[in-house]
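Structure at a glance
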Amino acid sequence: MIKRIWTWWRIISVIILPMVILVFACSLFRSFSSGDLGVVLFFVVTLIFFIHLFIECAFPKRFECMKIVKKYLSFKELKSYIKKEQFTEFEFNDSSDSFRFYYSKNWLFVRDVYIPRKMILDIVSAKEQWYSTYTVIGIITKNGLFVSIAKVNSDIEEKAVASLLKKFPEFKNSIEVLKNVFRKSFYKTLEEEFEKEVTNKKEFMEHCEI
(Lines give C-alpha, C1' and ligand atoms only; values in the text may rest on other atoms or scores of the structure.)
Protein backbone atom coordinates (compact mmCIF):
# COMPACT_ATOMS: atom_id res chain seq x y z
CA MET A 1 0.00 0.00 0.00
CA ILE A 2 2.93 2.33 -0.66
CA LYS A 3 2.20 4.99 -3.24
CA ARG A 4 5.08 5.30 -5.66
CA ILE A 5 6.32 8.85 -6.03
CA TRP A 6 9.04 8.37 -8.64
CA THR A 7 7.03 6.78 -11.43
CA TRP A 8 8.51 6.51 -14.92
CA TRP A 9 6.23 9.32 -16.06
CA ARG A 10 7.56 11.60 -13.30
CA ILE A 11 11.22 10.72 -13.94
CA ILE A 12 10.86 11.37 -17.67
CA SER A 13 9.05 14.65 -16.95
CA VAL A 14 11.84 15.86 -14.65
CA ILE A 15 14.37 15.13 -17.41
CA ILE A 16 12.40 16.65 -20.31
CA LEU A 17 10.80 19.68 -18.63
CA PRO A 18 14.08 21.63 -18.07
CA MET A 19 14.75 21.38 -21.82
CA VAL A 20 11.23 22.58 -22.61
CA ILE A 21 11.65 25.45 -20.14
CA LEU A 22 14.96 26.42 -21.75
CA VAL A 23 13.38 26.46 -25.23
CA PHE A 24 10.51 28.69 -24.09
CA ALA A 25 12.87 30.97 -22.14
CA CYS A 26 14.93 31.50 -25.30
CA SER A 27 11.75 32.09 -27.29
CA LEU A 28 10.59 34.62 -24.70
CA PHE A 29 13.89 36.48 -24.93
CA ARG A 30 13.62 36.67 -28.74
CA SER A 31 9.96 37.74 -28.62
CA PHE A 32 10.88 40.95 -26.80
CA SER A 33 12.66 42.18 -29.90
CA SER A 34 9.52 41.66 -32.02
CA GLY A 35 7.56 44.15 -29.94
CA ASP A 36 4.44 41.94 -30.12
CA LEU A 37 2.98 41.98 -26.60
CA GLY A 38 0.59 39.13 -27.46
CA VAL A 39 3.50 36.83 -28.30
CA VAL A 40 5.43 37.92 -25.21
CA LEU A 41 2.41 37.26 -22.97
CA PHE A 42 1.93 33.81 -24.52
CA PHE A 43 5.53 32.80 -23.79
CA VAL A 44 5.39 34.25 -20.24
CA VAL A 45 2.22 32.28 -19.37
CA THR A 46 3.54 29.11 -21.00
CA LEU A 47 6.88 29.42 -19.23
CA ILE A 48 5.19 29.89 -15.84
CA PHE A 49 3.06 26.80 -16.48
CA PHE A 50 6.04 24.58 -17.31
CA ILE A 51 8.09 25.90 -14.37
CA HIS A 52 5.17 25.15 -12.04
CA LEU A 53 4.81 21.67 -13.56
CA PHE A 54 8.52 21.00 -13.10
CA ILE A 55 8.43 22.04 -9.42
CA GLU A 56 5.44 19.77 -8.78
CA CYS A 57 7.23 16.85 -10.45
CA ALA A 58 10.65 17.38 -8.94
CA PHE A 59 9.96 17.97 -5.24
CA PRO A 60 8.28 15.11 -3.32
CA LYS A 61 7.49 17.28 -0.29
CA ARG A 62 4.75 18.87 -2.35
CA PHE A 63 3.01 15.59 -3.10
CA GLU A 64 -0.54 15.14 -1.90
CA CYS A 65 0.11 11.75 -0.33
CA MET A 66 2.15 13.38 2.46
CA LYS A 67 0.07 16.44 3.19
CA ILE A 68 -0.96 15.28 6.69
CA VAL A 69 2.52 14.23 7.85
CA LYS A 70 4.97 16.28 5.78
CA LYS A 71 5.90 18.64 8.64
CA TYR A 72 7.11 15.70 10.70
CA LEU A 73 8.17 12.85 8.40
CA SER A 74 10.14 12.48 5.20
CA PHE A 75 8.74 10.22 2.50
CA LYS A 76 11.43 7.66 3.32
CA GLU A 77 10.34 7.62 6.96
CA LEU A 78 6.67 7.43 6.02
CA LYS A 79 7.44 4.53 3.71
CA SER A 80 9.18 2.63 6.50
CA TYR A 81 6.09 2.89 8.72
CA ILE A 82 3.67 1.97 5.96
CA LYS A 83 5.67 -1.16 5.16
CA LYS A 84 4.90 -2.48 8.64
CA GLU A 85 1.15 -2.20 8.14
CA GLN A 86 -1.37 -4.72 6.81
CA PHE A 87 -3.99 -2.85 4.80
CA THR A 88 -7.58 -3.92 4.19
CA GLU A 89 -10.03 -2.46 1.71
CA PHE A 90 -13.16 -0.71 2.95
CA GLU A 91 -15.84 -0.53 0.30
CA PHE A 92 -19.27 1.10 0.29
CA ASN A 93 -21.57 -0.14 -2.45
CA ASP A 94 -24.87 1.35 -3.51
CA SER A 95 -26.77 1.36 -6.78
CA SER A 96 -26.30 5.13 -7.13
CA ASP A 97 -22.83 5.63 -5.65
CA SER A 98 -19.88 3.68 -4.30
CA PHE A 99 -16.47 4.45 -2.89
CA ARG A 100 -13.50 2.65 -1.36
CA PHE A 101 -10.32 3.28 0.54
CA TYR A 102 -7.80 1.30 2.57
CA TYR A 103 -7.11 1.06 6.27
CA SER A 104 -4.75 -0.64 8.70
CA LYS A 105 -4.35 -0.63 12.46
CA ASN A 106 -2.63 2.76 12.45
CA TRP A 107 -3.33 4.35 9.05
CA LEU A 108 -5.97 5.23 6.50
CA PHE A 109 -5.10 5.56 2.83
CA VAL A 110 -7.79 7.81 1.36
CA ARG A 111 -7.64 9.43 -2.08
CA ASP A 112 -3.87 8.76 -2.20
CA VAL A 113 -3.36 10.49 1.18
CA TYR A 114 -1.81 8.73 4.19
CA ILE A 115 -3.63 9.62 7.41
CA PRO A 116 -2.53 8.37 10.84
CA ARG A 117 -5.71 7.22 12.55
CA LYS A 118 -4.74 9.06 15.73
CA MET A 119 -4.68 12.28 13.69
CA ILE A 120 -8.36 12.06 12.83
CA LEU A 121 -10.54 14.64 14.54
CA ASP A 122 -13.81 13.55 12.97
CA ILE A 123 -15.73 12.71 9.82
CA VAL A 124 -18.15 15.27 8.35
CA SER A 125 -20.74 15.23 5.60
CA ALA A 126 -22.07 18.41 4.05
CA LYS A 127 -23.26 19.87 0.78
CA GLU A 128 -20.85 22.18 -1.02
CA GLN A 129 -23.83 24.38 -1.98
CA TRP A 130 -27.27 24.28 -0.38
CA TYR A 131 -28.95 23.50 -3.72
CA SER A 132 -26.62 20.62 -4.62
CA THR A 133 -27.98 17.09 -4.86
CA TYR A 134 -24.61 15.70 -3.76
CA THR A 135 -22.95 15.54 -0.35
CA VAL A 136 -19.22 15.53 0.31
CA ILE A 137 -18.04 13.12 2.98
CA GLY A 138 -14.59 13.87 4.34
CA ILE A 139 -12.14 13.63 7.20
CA ILE A 140 -10.95 16.58 9.28
CA THR A 141 -7.60 16.02 10.94
CA LYS A 142 -6.36 17.38 14.25
CA ASN A 143 -3.85 19.58 12.45
CA GLY A 144 -6.56 21.36 10.49
CA LEU A 145 -6.61 19.58 7.13
CA PHE A 146 -9.48 18.12 5.14
CA VAL A 147 -9.38 14.94 3.07
CA SER A 148 -12.38 14.08 0.92
CA ILE A 149 -13.55 10.46 1.07
CA ALA A 150 -16.26 10.69 -1.55
CA LYS A 151 -19.02 12.76 -3.12
CA VAL A 152 -22.29 10.84 -2.92
CA ASN A 153 -25.91 11.38 -3.79
CA SER A 154 -27.59 13.10 -0.84
CA ASP A 155 -30.26 10.40 -0.79
CA ILE A 156 -27.73 7.85 0.44
CA GLU A 157 -25.68 10.15 2.69
CA GLU A 158 -27.08 8.67 5.91
CA LYS A 159 -26.45 5.13 4.74
CA ALA A 160 -22.88 5.91 3.68
CA VAL A 161 -22.05 7.76 6.91
CA ALA A 162 -23.62 5.01 9.03
CA SER A 163 -21.41 2.40 7.37
CA LEU A 164 -18.31 4.48 8.20
CA LEU A 165 -19.35 5.16 11.80
CA LYS A 166 -19.93 1.45 12.34
CA LYS A 167 -16.48 0.50 11.07
CA PHE A 168 -14.24 3.27 12.42
CA PRO A 169 -14.55 4.28 16.10
CA GLU A 170 -12.58 7.51 15.53
CA PHE A 171 -15.45 8.79 13.37
CA LYS A 172 -18.13 10.51 15.47
CA ASN A 173 -19.92 12.81 13.00
CA SER A 174 -20.08 15.46 15.73
CA ILE A 175 -22.46 18.38 15.32
CA GLU A 176 -19.87 20.67 16.94
CA VAL A 177 -17.36 19.86 14.20
CA LEU A 178 -19.95 19.92 11.42
CA LYS A 179 -21.13 23.44 12.20
CA ASN A 180 -17.57 24.73 11.76
CA VAL A 181 -16.75 22.84 8.58
CA PHE A 182 -16.96 25.91 6.31
CA ARG A 183 -15.07 28.28 8.61
CA LYS A 184 -11.44 28.82 7.61
CA SER A 185 -10.65 30.09 11.11
CA PHE A 186 -11.65 26.68 12.51
CA TYR A 187 -8.96 24.90 10.49
CA LYS A 188 -6.40 27.56 11.36
CA THR A 189 -7.14 27.17 15.07
CA LEU A 190 -6.81 23.39 14.84
CA GLU A 191 -3.45 23.76 13.10
CA GLU A 192 -2.10 26.23 15.66
CA GLU A 193 -3.27 24.18 18.64
CA PHE A 194 -1.80 20.97 17.25
CA GLU A 195 1.57 22.60 16.51
CA LYS A 196 1.72 23.86 20.11
CA GLU A 197 1.02 20.37 21.42
CA VAL A 198 3.20 18.46 18.95
CA THR A 199 6.45 20.28 18.26
CA ASN A 200 8.74 17.66 16.72
CA LYS A 201 8.98 14.26 15.05
CA LYS A 202 9.29 12.33 18.31
CA GLU A 203 6.15 13.89 19.77
CA PHE A 204 4.32 13.29 16.51
CA MET A 205 5.22 9.60 16.50
CA GLU A 206 4.16 9.26 20.13
CA HIS A 207 0.89 11.05 19.44
CA CYS A 208 0.14 8.82 16.45
CA GLU A 209 1.44 5.66 18.17
CA ILE A 210 3.48 4.61 15.14
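Below, the structure is looked at part by part. All values reported here derive from a predicted model rather than from experimental measurement.

Each value, and the rule that gives it
- Sequence order as written defines residue numbering, which begins from 1 separately in each chain.
- Reporting of local features is limited, given that this is a predicted model, to residues whose pLDDT is at least 70; pairs of side-chain atoms are given and counted only at 80 or more, and all residues count toward the totals for whole chains, interfaces and linings.
- Excluding hydrogens and water, the side-chain values take into account all heavy atoms of the structure.
- Only DSSP runs of H or I reaching four residues or more are called helices, and only runs of E reaching two or more are called strands; each is numbered from the N terminus.
- Radius of gyration means the value over C-alpha atoms here, while the globule rule gives 2.2 Å times the residue count to the 0.38 power.
- Relative accessible area decides the class of each residue, using a 1.4 Å probe on protein chains only: under 20% of the type maximum gives buried, over 50% gives exposed, and in between gives partly exposed.
- We call two residues contacting when some pair of their heavy atoms lies within 4.5 Å.
- Working definition of accessibility: Shrake-Rupley area with a 1.4 Å probe, residue cover restricted to the visible protein chains.
- Here Asp and Glu are counted as negative and Lys and Arg as positive; His is not counted, and neither are the chain ends.
- We put the charge of a Lys on NZ, of an Arg on CZ, of an Asp on CG and of a Glu on CD.
- For Phe, Tyr and Trp, rings pair up if their centres lie within 6.5 Å, where Trp contributes its six-membered ring, and each pair is then called stacked (planes under 30 degrees apart), edge-to-face (over 60) or tilted (otherwise).
- For two strands to be treated as a pair, DSSP must find at least two bridges joining them.
- Note on definitions: angles span 0 to 180 degrees between N-to-C directions of axes, and those axes are lines fitted to C-alpha atoms, for helices only across the stretch in contact.
- Nine residue types can take part in a nonpolar core, namely buried Ala, Val, Leu, Ile, Met, Phe, Trp, Tyr and Cys, and a core is a set of them joined through side-chain atoms within 4.5 Å.
- For a helix, the expected span equals 1.5 Å multiplied by the number of residues minus one.
- For this quantity, the arc is that covered by the directions from the helix axis to the C-beta atoms.

**Digging into the overall build of the protein chain**
Looking only at helices and strands, the protein chain has seven helices and seven strands in total. The C-alpha radius of gyration computed for the protein chain amounts to 21 Å, which surpasses the reference 17 Å derived for 210 residues by more than 25%, pointing to a less compact arrangement than a globule. Its C-alpha atoms give the protein chain principal-axis dimensions of roughly 65 × 45 × 35 Å. Within the span of the protein chain, comprising 210 residues, buried residues form 40% of the whole. Across the protein chain, the fraction of contacts at a sequence separation of at least 24, relative to all contacts at a separation of at least 6, is 56%. Summed over all atoms, the accessible surface of the protein chain reaches about 12,800 Å², with 59% contributed by carbon and sulfur. One way to put it: in the protein chain the 32 positive side-chain charges average out to a point 6 Å from where the 25 negative ones average out.

**Describing the packing of aromatic side chains**
Applying the stated criterion across every chain yields a total of 15 aromatic pairs. Look at Tyr72 and Phe194: their rings are 6.2 Å apart centre to centre, the planes differ by 85°, and that puts the pair in the edge-to-face class. Taken together, the positions of Tyr72 in the loop between helix H2 (37–58) and helix H3 (75–82) and Phe194 in helix H6 (residues 184–197) put the pair 122 residues apart, joining distant regions of the chain. Of the two residues, Tyr72 and Phe194, neither departs from the other in class, the shared state being buried. An aromatic cluster of three or more residues is present, and its members are Phe90, Phe92, Phe99, Phe101, Tyr103, Phe168 and Phe171.

**Notes on the sheet that holds strand S1 (residues 88–93)**
Across the sheet, which stays open at both edges, the four strands sit in the order S1-S2-S3-S4 with antiparallel pairing between neighbours. In this open sheet, the two edge strands, each paired with only one partner strand, are S1 and strand S4 (113–116). For this sheet, the mean inter-axis angle between neighbouring strands, taken without regard to orientation, is 25°. Sheet topology note: the strand S2 (residues 98–103)/strand S3 (residues 107–110) ladder contains two bridges and is antiparallel. If you follow Tyr102 over to S3, its bridge partner there is Phe109.

**Looking at the nonpolar core**
Proteins that are soluble and globular tend to have nonpolar side chains buried together. If you look at the biggest cluster of nonpolar residues, it comprises 42 residues, and the most contacted ones within it are Phe99, Phe101, Leu108, Ile115, Ile149, Leu164 and Phe204. With sequence-adjacent residues up to four places away left out, Phe99 is seen in contact with Phe90, Glu91, Phe92, Ile149, Ala150, Val152, Ala160 and Leu164. Core analysis: the next-biggest nonpolar cluster, separate from the first, contains nine residues, Ile21, Val40, Phe43 and Cys57 among them.

**Some points on H2**
Relative to the 32 Å expected for 22 residues at 1.5 Å per residue, H2 spans 31 Å between its end C-alpha atoms, a close match to the ideal helical length. Within H2 the residues assigned to the buried category are Val40, Phe43, Thr46, Leu47, Phe50, Cys57 and Ala58. Viewed end-on, H2 has its buried residues packed into an arc of 135°, placing them on one side of the element. With respect to the buried face of H2, the exposed residues turned more than 90 degrees away are Leu37, Leu41 and Ile48.

**Considerations on H3**
Listed in full, the buried residues belonging to H3 are Leu78, Tyr81 and Ile82. Buried residues along H3 cover an arc of 100° about the axis, so they all sit on one side.

**Digging into the sheet that holds strand S6 (residues 134–141)**
Strand order in the open sheet made by the three strands is S5-S6-S7, with antiparallel pairing throughout. Either end of the sheet is taken by a strand with one partner, and the two such strands are strand S5 (120–126) and strand S7 (146–153). Across the sheet, the mean angle separating the axes of adjacent strands is 15° when strand polarity is ignored. Across six bridges, the pairing between S5 and S6 is antiparallel.

**A short note on unusual backbone geometry**
Phi at Asn173 takes a positive value of approximately 60°, unusual for a residue other than glycine. Its location among the elements puts Asn173 in the loop between helix H4 (157–167) and helix H5 (175–178). With phi around 60°, Glu209 is a residue other than glycine that occupies positive phi space. For Glu209, the location among the structural elements is in the segment after helix H7 (201–208). According to the relative accessible area criterion, Glu209 is exposed, its value standing at 51%.

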